[in-house]
Each structure stands twice: as structure tokens, then as C-alpha cells.
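Observations on the model geometry
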Amino acid sequence: MSPPLSLLLLPKTFIPFLPFRSSPLTRRLRSFVSARTMTSQSNQRVFQLRQDPLTGTSEWIVIDENDQAGAQATSTDGLLATTSYLDMLNDTRRNRAYRLAIEKTITEPCHVLDIGAGTGLLSMMAARAMGGTCDSMVTACESYLPMVKLMRKVMHKNGMTKNINLINKRSDELEVGSDIASRADVLVSEILDSELLGEGLIPSLQHAHDMLLVDNPKSVPYRATTYCQLVESTFLCNMHDLQSNEARMSDGVRLAPPGLESLFGIKSQQYSMHVDAIENEIKLLSEPVKIFEFDFWKRPESNGELDVHIEAINEGSIHAIISWWVLQLDSEGTIFYSTAPRWIESNSEIGARDWCDHWKQCVWLTPGAGVSISKGEKVHLHAAHTCTNIVYNLKNTQSLTHEMTHSSFSTGDLQLTLPPERLAIYGDSIYRQSIFEATRNALQGKSHAQCLVIDDSLLLPLMALHISKGSRVISLSPGLEENAARYLEAIADSNGFSKDRFEYFREGKAKFTEAYPSKTDLLIGEPYYYGLESGLPWQNLRFWKDRTLLDSVLSKDAVVMPYKGVLRGCAMYLPDLWKSRCCLGDVEGFDHALVNTTLGGCGDLPSGKDSPCLPFFIWQCGETMKLSKEFTVMEFDFSKPITGPCSGEVQIEFIKPGVCHGIALWMDWVMDKENSIVISTGPDERYWKQGVKLLGKPVTVGVEGLSSIEIKASLDLSSNGELIITHTLC
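Cut-offs and rules
All residue numbers here refer to positions counted from 1 along the written sequence of the relevant chain. Confidence filtering applies because this is a predicted model: local features only for residues at pLDDT of at least 70, side-chain atom pairs given and counted only at 80 or more, and all residues used for totals across whole chains, interfaces and linings. For the side-chain quantities, the full set of heavy atoms in the structure was used; hydrogens and water were omitted. Paired strands, in this sense, are two strands between which DSSP finds at least two bridges. We count a stretch as a helix when DSSP gives it H or I for four or more residues in a row; a strand needs E for two or more, and each element gets its number in order from the N terminus. Simply put, an axis is a line fit to the C-alpha atoms, just over the touching stretch for a helix, and the angle between two N-to-C directions goes from 0 to 180 degrees. Whether two residues touch is decided by their heavy atoms; if any such pair falls within 4.5 Å, the residues are in contact. Confidence of the predictor at the level of single residues is given by pLDDT, which spans 0 to 100. Think of a polar contact as two N or O atoms within 3.5 Å of one another; within protein, one of them needs to be a possible hydrogen donor and the other a possible acceptor, and neighboring residues in sequence only count if both atoms come from side chains. Each residue's exposure class comes from its accessible area (1.4 Å probe, protein chains only) as a fraction of the maximum for that residue type: buried when under 20%, exposed when over 50%, partly exposed otherwise.

Moving on: the sheet that holds strand 7 (residues 184–189). Two orientations exist for strands paired in a sheet by backbone hydrogen bonds: parallel and antiparallel. Sheet architecture is open: five strands sit in the order 6-5-4-7-8, paired in parallel fashion. Only two strands of the sheet have a single neighbouring strand rather than two, namely strand 6 (164–167) and strand 8 (213–220). Each strand axis lies, on average, 25 degrees off the axis of its neighbour in the sheet, ignoring direction. Bridge analysis of strand 4 (residues 111–115) against strand 7 gives four bridges, and the strand direction is parallel. Looking at strand 7, one finds that V112 is bridged to V186. Sitting on the sheet, helix 4 (residues 92–105) is in contact with strand 7 and strand 8, with an inclination near 140 degrees to strand 8. Here helix 5 (residues 121–129) sits on the sheet in contact with strand 4, strand 5 (137–141), strand 6 and strand 7, set at roughly 175 degrees to strand 5.

Quick look at the structure:
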């Protein structure tokens, strides 16, 4: 079914900000979809755009309000299973703080507005606090139809439908006198992300105070305060200072040439990260500093600025600014929730912090090699916030930027931005050496080779052009598209190759087979696909799928690099991750068991249901430990086209006693036929995400426990590319 013409097709790598509401899209970091709504008098329907990571193509799926749960065409299980809703509902500290604050704030019958209601937990807390009297009412606003359908089931299960009016609209679409009878006396909401403002907190509050709330309303939460701290960290510095790392390399390739640094880098924004995991690699350079305060009970300003002079407590280089927030949930200031790193002492009201994945700390990476500072010296920090983010600037940051030299190439407004992890990978000497050697070996004996780069690699075209002066490189750049071509043209002179040796082929794979039959000597990829950085590792097998479609363009003795991919795994102890993803039961007195399958829970699922594989940085998953040796699950031979489904099985022998919660899975890329150059993306490589398959139940292993587990896996790249993992206890 085609979507209506009025529905806009958004770029596949763009996660939209939809104002005045808590959007599930901002929480769906692991799988991108965009949604548009149609309504009629009898029914509501959502057309949702879903991308196939193995092809890069998108399709519209239809979610109908009257669909039965489990109907294949409209099942919401897959749509919500990769969100952070389950993690939030497993955050007992968060749930308890909200319950206590709601019971303390709502002491008599009134009208409560809940913006971004989710499964309805806060709405049900508010209704229960009012005792369910006839003159009490909760208006629950939730814009995302799959979540609305789930919330209805939760309310029905808990007998809470009578005093909760659930409206499937954005809060800025609500009208007093039409959708709701009167303005609300109390606002309850949880529309916060790790940065605080990214889910539209400010515009949501502004509209609510202007149009939906009484004067001087009560609110839960009452206030949020942001803090920051200056730090030195080589690990964090490597995620943005590519130029300094390249200056130490001898491969002759420069992704960030002097004078053209502004063409290539990361976005100037805060990045969410579990900084506790790198506590031993961080040197604190200042005390925590209070930055902004946002009151929920009154209308906030759209923009704000703060200038503060911060005194250094240690000598070092300011590589990053770590930030967090503290939530005051009641007006008296007795109930708090904090996202501070564990080295920040918490008072008794905040209590001990448990690991959770839905709220992390944030990191602002300073430009260049950092800002040098002496102990006792003061640095000028400028902080500013918009409706959706908080930005920082150190006064003498610009003194560290490299002097710009003249370039004859007109770059216009070109600025190619990649995730920080990708810049760190490109600045890693071991990775660069592996790519250099693999490319040199592949080009050996091919003096005038035609090289086809089929992914979004920026490093491989430069390596091929640098190593073989007679080679010609064609790039498909399916994600970066024209920007990649403009960028490579801009840095051509600095890398010593003429622009006529490089071509960006705009017309796609199908047209390429017509234009260049049997003419490609080298088909290569890292593989790296822009926009899939947060996906599952085996989704980069799109390389094999693309290579299969391009089989007819390969010359008789063509080389394909990587030569093969290997799906690897390791049994893991993951107690914190398990706790955040385990099945729900009672949540602050409300039964949530029915959401487990839909939200992708692990543990006590109905027969025939299983938890999904999800992508995580294992090193950020709290307490972790390897319990087995690394093992091979499947191998994929890229020298040949795909011929059918792939499968594999392996018996895992445990080398350490403990509790096994799941299997970490990743891809190793064997770059050459001799297996001499292997690039691993496993748990020890912190710039790549791994896939995690949590077991149905944690099992005790080793010594007197279980000695082994048999793993079976299957993957069909001709369909949706879903990895099916089953295990048998031995």
C-alpha cells in the first residue's frame, strides 16, 4: 500500500525531532523508523517507514488501531522490542522516586495531565493517588499508536480505565474544550533523555503552560538541574582529534589534511556514554559545576546562556566536558534522581545508583588536541541551551585549532560528519596499518586496476589511490552519497592524486552492472555503512549482498576484500544488562507482565517467544566478564556470491565459573585469502558495538555448574537478515 502523497519520506539516516511531545523515535536509537498518522471518524492508522539494513531500501508498513495483536502485517512486537521502554520500567529507583513524588504531590481529587504516557505507569500512579473518585481525572497523552495500543491493555489489566482518558495525539494538538474539558491542575511527565532536553522538554512545557495547565500548577518532576565537569582522557580525545593521530602515521594518507580540518569531523553536540566504564582513564580537572536549572512548574525560556570561570584542580588538557542532571521530583526537595557518574558523591535522598541504559552521562568533546590548563588556573566556559540541546565552548579553544591554509577547491558549506567512534577507528594506527597492508596486497600485480568501493568507506578510496598510482577508484557511497564525492575531491591535492582518477557513481548498483561489465579488478569495503553504526554487527553483511548483485562486473581474476566474514561469539556474565532487559512483573503495584513480549524482554516469556538480539557496547554494559573462549559461529565466503541461507552450530566450553546471562556476538573481517590480516570488532575493541543475545534464564556454569552450551544459528540474507540463535544446555 502506498502512503498518502502528503506523507514526507525522511532521509534514512535522519532521526527527526518531533516537537511538543515525548517521541518514541528519540528513544529508538537502535532501529530507525519514521511515522505519519492518518485518522478517520472510526479508526486511526499509522504509516511507518522501516529501513532494511541489508539493502538500504525502505518500505511503508501500516499500523491500524483495530489490528489484533500478533497479526503479521501490523504486529508491533518488532517495533517496540528495540526501544528503551523496558529498561526504563526496570529502573526501580526511577519508578520509586516517581511514585513517592506523585503520592506526595497529588493529595486530593484533581485533573492531572501526563505527557508522553508510554505504558501508562505515571498515569496509573496519579489515578491511584486520587483514590478513583468521580471528580478525579487523568488525561494521558501518547502520540505513538503502537504504544497507545499497549497502554490500553495495561490499563485494562490493572482495572484503571475508568479514571484515565487516553488520547492518541501530540500534546500540542490537544485543545481545552474539545479533547479535554478543562485545564489540568497537575503535570506529570517523563520526557527526558540523557542530555535532558533532547526529547522536547522545553517546547512541551511551554505549550502545556500556555494552553493546557492552570496558573501555578503542581508538577512531577518539580525541577531539573544540569552539571558538568572538565576532564582529561586520551580515550575521549581519540574520538575527535583525528589530525593529531594522523600526524603520527606513516601511511601517507590524510583524511584531515592541514588547512582542511573543518571538512571532516564530528557534530558539535553532546554524546551519551557510560563514563563510569572509563573512570580509570579519566583525570578530573575541575570540581562539578552547576550549569542550568529548569522548573517544570513554570514556563521555561527557549534559550539560555551562562558564562562561568572554572578553576582547575589538576594540571592537564581539557579533552572533554562530562555532564549529567539531577531531578528534584517534589517541591520540598526530599525526592531526587541523579544521572551523575559514580565518582560524584550522592546524598542520602538520591541513594545508590544502579546501572541503567536509558539514561547515561553525556560527553562534549573539545575541538583539536584539547585545552591545556595548569592547577589553579581559571578557564572561561560558555554554556548555552536551545529548546533541544546544551552546548559548551571554552574561551581559548580556538587558539588550539590549526591555522587554516588556502585551498583552491571551493568547498562551500561542505562538512562531512561521522560518529566519534568512526573517527577514533580512522585514527587508530593498528586499524590503519591493517587496511593499508590489505589494500596493498590486493593491488599487487594490478598496475592499472579499476577499484570499486561499494560501502561508505572514506579511507579505502584514499588508500587505493595512494598505493597504486595507476589505479582508478569508483565509489558507490550509498549512505554518504554526494557528500563523500565532494569531500574526496576537496582533499585530492593534499593526498597527491588527480580528481580524474576518482569517480562517484550516482546511479546505483543496477546501472553500474550495465556501465562496467566485467571491468572491476578490485571490489572492496571495510565494510562500513553510514547510518548502521548503531545496528547489529552482521547487518554489515550488506557488503556480501551488494557484492552478489555486482558479481557480473567482476573481471576474471578480480579480488574481493574482505575475503570473508566470520561471526564470532563469547559467553558472558552480564548481570546489569540482564536486569535492565528482564521480563517485568509488578511495577510499583501495577501488573506489566503483558508488555514483556512486545518490549523485547528476556526471561519468563510465553512459549514460542524469544528475546531479540540487541546492539550494545559491551564495555559500557556495567559489570561484565568473559566465561568462555571466543568461538566461531558461522563463516561467510565473500569470494563467491550468496547461494542460500547460512547456518552453524558450536558447543561452548566454559573456562571460568560464574553465571552466564547471554552471548556476545560480533563480526571479524578476514581481509585476505591467506587469513593473515583480520580486523576484529569484538568486546575488546571499544569503538564497535556487539550484538547481545540474552539467554532465556541465567545459568550457573563451571565447577559444579553447567560445563557447556550448544549454540545453533541461522541467517538468511535473502530475506530480512535476522539472525536466529537457539541454545541447548549440555
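Bringing the confidence of the model for the protein chain into the picture now. The pLDDT averaged across the protein chain works out to 88; a share of 88% of its residues lies at or above 70. Every residue in residues 38–42 is under pLDDT 50, and counting partners more than four places away or in other chains gives six contacts. The low-confidence segment residues 397–410 (pLDDT under 50) makes 18 contacts with residues lying over four places distant or belonging to another chain.

Our focus in this paragraph is the side chain of S323. Locating S323 in the fold gives a position in strand 16 (residues 320–328). At a separation of 2.4 Å, a polar atom in the side chain of S323 contacts the side chain of Q270. Ignoring sequence-local partners within four residues, the contact set of S323 consists of Y227, C228, Q270, Q361, C362 and Y392.

A few words now on the pairing of strand 28 (residues 564–573). Remark: a regular strand shows side chains that alternate across the two faces of the sheet. Most of strand 28 is tucked away: 10 of the 10 residues are buried. Covered by surrounding structure in strand 28 are K564, V566, R568, C570 and M572 together with G565, L567, G569, A571 and Y573, the residues of both alternating faces. Sheet topology note: the strand 28/strand 33 (residues 631–637) ladder contains six bridges and is antiparallel. Bridging from a neighbouring strand, R568 pairs with T632 of strand 33. Pairing of strand 28 with strand 35 (residues 658–670) involves nine bridges; the strand directions are antiparallel. In the sheet register, A571 faces strand 35, and the bridge partner there is I663. Inspection of the sheet shows strand 28 paired to strand 32 (residues 625–626) by two bridges, in the antiparallel sense. Each bridged residue has a counterpart across the sheet, and for Y573 the counterpart in strand 32 is M625.

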